[in-house]
Amino acid sequence: MQAFTTHQGLAAPMDRANVDTDMIIPKQFLKSIRRSGFGPNLFDELRYLDVGEPDSDNSGRPLNSEFVLNQPRYQGASVLLARKNFGCGSSREHAPWALEDYGFRTVIAPSFADIFYNNCFKNGLLPVVLTESQVEQLFAAVYATPGLQICVDLPAQTVTAGELSFSFEIDAFRKECLLKGLDEIGLTLQSSSAIKAYESARAAQHPWVFGAIKRA
Amino acid sequence: MAGMTLYDKLWQSHLVESRDDGSALLYIDRHILHEVTSPQAFEGLRLAGRKPWRLDTNIATPDHNISTDRAERKAGVAGIPDKTSRLQVQTLDDNCDHFGIVEYKMNELGQGIVHVMGPEMGVTMPGMTVVCGDSHTATHGALACLAHGIGTSEVEHVLATQCLVTKKMKNMRITVDGKLGFGVTPKDVVLAIIGKIGTAGGTGYAIEFAGQVFRDMSIEGRMTVCNMAIEAGARVGMVAVDDTTIDYVQGRQFVPTGDLWQQAVEYWRTLVSDSDAQFDAEVVLDGSDIAPQVTWGNSPEMVAAVTDTIPRVEQQASAEQRAAVARALEYMGLEGGSAITDIPVDRVFIGSCTNSRIEDMRAAAAVAKGRRVADSVKQVLVVPGSQMVKQQAEAEGLDKIFIAAGMQWREPGCSMCLAMNSDKLGAGEHCASTSNRNFEGRQGNGGRTHLVSPAMAAAAAVAGHIVDVRTMMEEH
Ligand code: SF4
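The rules behind each value
- Residues numbered from 1 in each chain as written.
- Chains lettered and ligands numbered in written order.
- Predicted model: local features only at pLDDT ≥ 70, side-chain atom pairs only at ≥ 80, totals over all residues.
- Heavy atoms only, no water.
- Domains from an automatic or database assignment.
- Contact = heavy atoms within 4.5 Å.
- Buried area = accessible area lost by both parts, 1.4 Å probe.
- Polar contact = N/O pair within 3.5 Å; in protein donor to acceptor, adjacent residues only side chain to side chain.
- Nonpolar A, V, L, I, M, F, W, Y, C, P; charged D, E, K, R; others polar.
- Axes fitted to C-alpha atoms, helices over the stretch in contact; angles between N-to-C directions.
- Helix = DSSP H or I, 4+ residues; strand = E, 2+ residues; numbered from the N terminus.
- Parallel < 35°, antiparallel > 145°, perpendicular 65-115°, else oblique.
- Left-handed = near helix turned anticlockwise from the far one by under 90°.
- Pairing = 2+ DSSP bridges.
- Near = heavy atom within 4 Å.
- UniProt positions renumbered as here; feature names shortened; annotations may be inferred.
- Buried < 20%, exposed > 50% of the residue type's maximum accessible area, 1.4 Å probe, protein only.

With respect to the domain arrangement of chain A
Residue and element names in this part refer to chain A. Each assigned domain of chain A is listed here: domain 1 (6-182) and domain 2 (183-216). Each of domain 1 and domain 2 was reduced to a C-alpha centroid, and the two centroids are 38 Å apart. Taken together, the five residues of domain 1 in the interface contact five residues of domain 2. For the domain 1 and domain 2 pair, buried surface summed over both sides reaches about 430 Å², with 67% attributable to carbon and sulfur atoms. Considering only the side of domain 1, the residues that lose the most area to domain 2 are K122, F173 and L182, jointly responsible for 85% of the buried surface there. On inspection of domain 1 and its partner domain 2, the count reaches zero residue pairs in polar contact (both at pLDDT 80 or more). Here the residues of the side of domain 1 that touches domain 2 are counted per class, giving three nonpolar, one polar and one charged.

Some remarks on the packing of helix α13 (residues 358-368) of chain B against helix α16 (residues 454-463) of chain B
Residue and element names in this part refer to chain B. α16 packs onto α13 with a crossing angle of 30 degrees between their chain directions and a minimal axis gap of 8 Å. Here α13 lies roughly parallel to α16, going by the angle between them. Every pair of crossing elements has a handedness; the one defined by α13 and α16 is right-handed. Across the interface between the two elements, D360, A363, A364 and V367 of α13 pack against P454, A455, A458 and A459 of α16. The class makeup of the residues in the contact of α13 with α16 is seven nonpolar, no polar and one charged.

A closer look at the sheet that holds strand β8 (residues 163-167) of chain B
Note on sheets: strands pair through backbone hydrogen bonds, and any given pair is parallel or antiparallel. Residues and elements named next belong to chain B. Spatial ordering of the open sheet is given by β1-β2-β8, a layout of three strands whose pairing is antiparallel. Only two strands of the sheet have a single neighbouring strand rather than two, namely β1 (15-18) and β8. The sheet shows a mean angle of 25 degrees between the axes of neighbouring strands, taken without regard to direction. Where β1 meets strand β2 (residues 23-27), three bridges bridge the pair, whose relative direction is antiparallel. In the strand pairing of β2, L15 is matched with L26.

Let's talk about the site of the ligand
All names here are of chain B. Lining the immediate surroundings of the ligand are H64, I113, H115, D134, H136, S352, C353, C414, C417, L418, N436 and R442. For the shell around the ligand, the class distribution of residues is five nonpolar, five polar and two charged. Both domains that meet at the shell around the ligand, namely domain 1 (1-290) and domain 2 (293-471), each give it at least three residues.

Quick word on unusual backbone geometry
All names here are of chain B. Non-glycine residue S352 carries a positive phi angle of around 85 degrees. By secondary structure assignment, the location of S352 is in the loop between β15 (347-350) and α13. One non-glycine residue, S415, lies in the positive phi region at around 55 degrees. Tracing the backbone through its elements, the reader meets S415 in the loop between β17 (408-409) and β18 (430-433).

Here we look at the UniProt feature "binding site: [4Fe-4S] cluster" (unreviewed entry) in chain B
Residue and element names in this part refer to chain B. Per the UniProt entry, the sites bearing "binding site: [4Fe-4S] cluster" (unreviewed entry) are C353, C414 and C417 in this numbering. Despite a sequence span of 65 residues, these residues sit close together in the fold, their greatest C-alpha distance being 8.7 Å. Structurally, C353 is set in the loop between β15 and α13. Contacts of C353, omitting those with residues within four sequence positions, involve I113, H115, V116, H136, N227 and N436. You can see C414 is positioned in the loop between β17 and β18. A relative accessible area of 7% means that C414 is categorised as buried.

Below, the structure is given as structure tokens:
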């Protein structure tokens with residue numbers, strides 16, 4: 001998993017509450033066998049004027065010019081500014097996959113749905129919770145200043161944008177994992193020697209558990 | 001100190017590490033993979049440049065969205081009509097080849113529904129931890145395994161580390177004593193249990209099924225019961241080791257022989273709950289009270305004896321229940337107060353990881369023998385759970401009995417259990433089904449599922465409506 005320390009990038013505003021995971025990545029894309037490649041279909045129904053299918057050629061599809069991410073000033077955004085209860089609905093891990101694949105590294109909102117919040121950490125995406133009024137100030141700044149960059153400093157736990165500077169809370173364990181780029185697998189692998197020790201003890205005791213499965 | 005339950009013992013013997021937050025690293029002995037929940041896990045491994053921790057623990061087979069039609073199957077992967085399904089099956093083959101994982105491919109002997117082929121090949125043995133990216137993994141608990149379903153991230157985690165980060169569950173014991181009546185099967189027992197404790201009754205628990213009824217039951221029957229632990233809200237269901245377990249395991253492909261077998265059996269014999277073990281919850285049923293069961297609604301707990309009537313909305317105790325029953329009856333197109341045996345049947349499905357083993361095939365064939373499917377019934381699918389079940393059934397001539405009765409004998413797979421291939425219900429059609437879920441649209445959009453045993457399903461096919469199979473069979 002990609003580590004997250006400090007990230008500074010162009011901010012895009014997703015100015016609506018209760019953005020659900022079906023909106024982030026619609027259900028027809030779950031048939032995919034891949035975990036990457038969802039970026040072109042992030043917010044598919046909002047972003048395009050036609051209905052997308054897993055095998056559509058997205059480059060030729062009609063864009064909805066009204067949609068925020070299609071506006072020239074937000075091209076290349078990597079910080080998503082959002083409203084409350086972001087990521088609600090279905091538990092699909094495809095939602096953070098799509099945000100990450102599009103190029104977002106962090107999402108800032110007053111609150112997130114639980115499962116989505118957890119899924120972000122499994123995928124190197126940092127969800128930042130600020131207060132409603134802080135988020136409101138960031139929205140105002142983004143609208144007022146084309147090209148506004150937001151800087152999220154995980155070690156210092158701060159968000160800065162122009163004159164604004166806020167601090168945020170994060171679970172120490174999760175922070176540690178993100179800083180080191182450790183996903184759950186990476187973490188478990190830190191216990192490799194314990195796993196190996198278990199295996200040798202077990203192999204001595206229950207040898208039939210090992211070596212049996214091979215082609216006849 | 002109080003004794004240990006079977007679950008406590010299985011947990012204890014697989015504990016690699018306990019963590020401060022109450023979670024633990026649990027060692028996994030067997031990991032079964034199929035085409036639907038594995039592709040992203042393999043891709044994740046690739047992206048991170050990781051390899052499977054062990055190869056001699058994983059086994060794969062396609063089952064969920066392969067065709068059960070003989071001609072399509074003969075054409076191999078290229079014969080799968082749906083493009084997305086074809087790609088998923090091909091991807092499983094490619095991933096297994098790439099990583100060196102043993103796979104029983106679509107038309108090989110050994111292929112089958114993950115929860116049928118695993119125990120049958122001796123992949124799963126008593127005392128093991130078994131996981132699979134499928135919620136019905138509890139099936140393997142019939143062999144005194146700690147077995148449960150996992151998500152895609154966890155599939156990747158197990159591939160990479162051979163462990164799972166998990167928390168210990170509570171212990172529940174469900175005791176069914178007495179003797180089952182004539183015509184009453186393991187499916188009826190588990191449906192009756194779900195009817196009693198509800199679909200959330202087992203949430204947070206590992207269930208041990210105990211008592212005379214399970215002691216008298218074959219391993220196939222125990223698998224049917226453990227399979228549906230998840231429909232009772234529990235991720236884990238299991239039965240302790242006895243002679244039946246040992247006899248079942250002996251001689252299977254991946255099972256040890258000679259001294260190693262002796263050593264294993266000696267250990268397996270200890271896989272029972274201690275007599276002074278404490279359970280956090282106990283449920284008791286009398287086996288002789290159980291009649292053949294039929295679900296009438298859209299949740300497995302909406303179940304009744306075949307001799308009963310469909311509940312009326314106004315008889316429900318709470319407003320919430322009245323709303324749930326009203327909604328279910330509307331979807332199912334049924335009247336409260338009418339007889340269960342008045343439920344018409346348009347299609348019949350005999351198969352799924354709940355009821356597609358050789359005993360299930362025999363039970364259905366015993367009813368079908370010398371009879372004909374009713375004219376009003378559009379289709380009866382009989383889908384063996386694995387290539388080995390198919391081979392055995394054909395050796396016994398069961399396929400001929402089904403075909404003579406007007407039923408279709410198919411190739412092994414999940415089929416109409418979840419309708420990911422072309423085996424589906426049409427809107428409004430009623431189906432007597434031996435599968436495990438009767439949710440809205442599960443077997444096809446607008447389809448109406450009635451969960452029953454294989455004998456009851458065959459009887460419904462013949463009658464054209466739900467019928468008490470006991471009235472069609474002679475008691476010996
Ligand atoms: S038969 Fe049905 S329940 Fe069983 S594994 Fe297949 S789809 Fe899942």
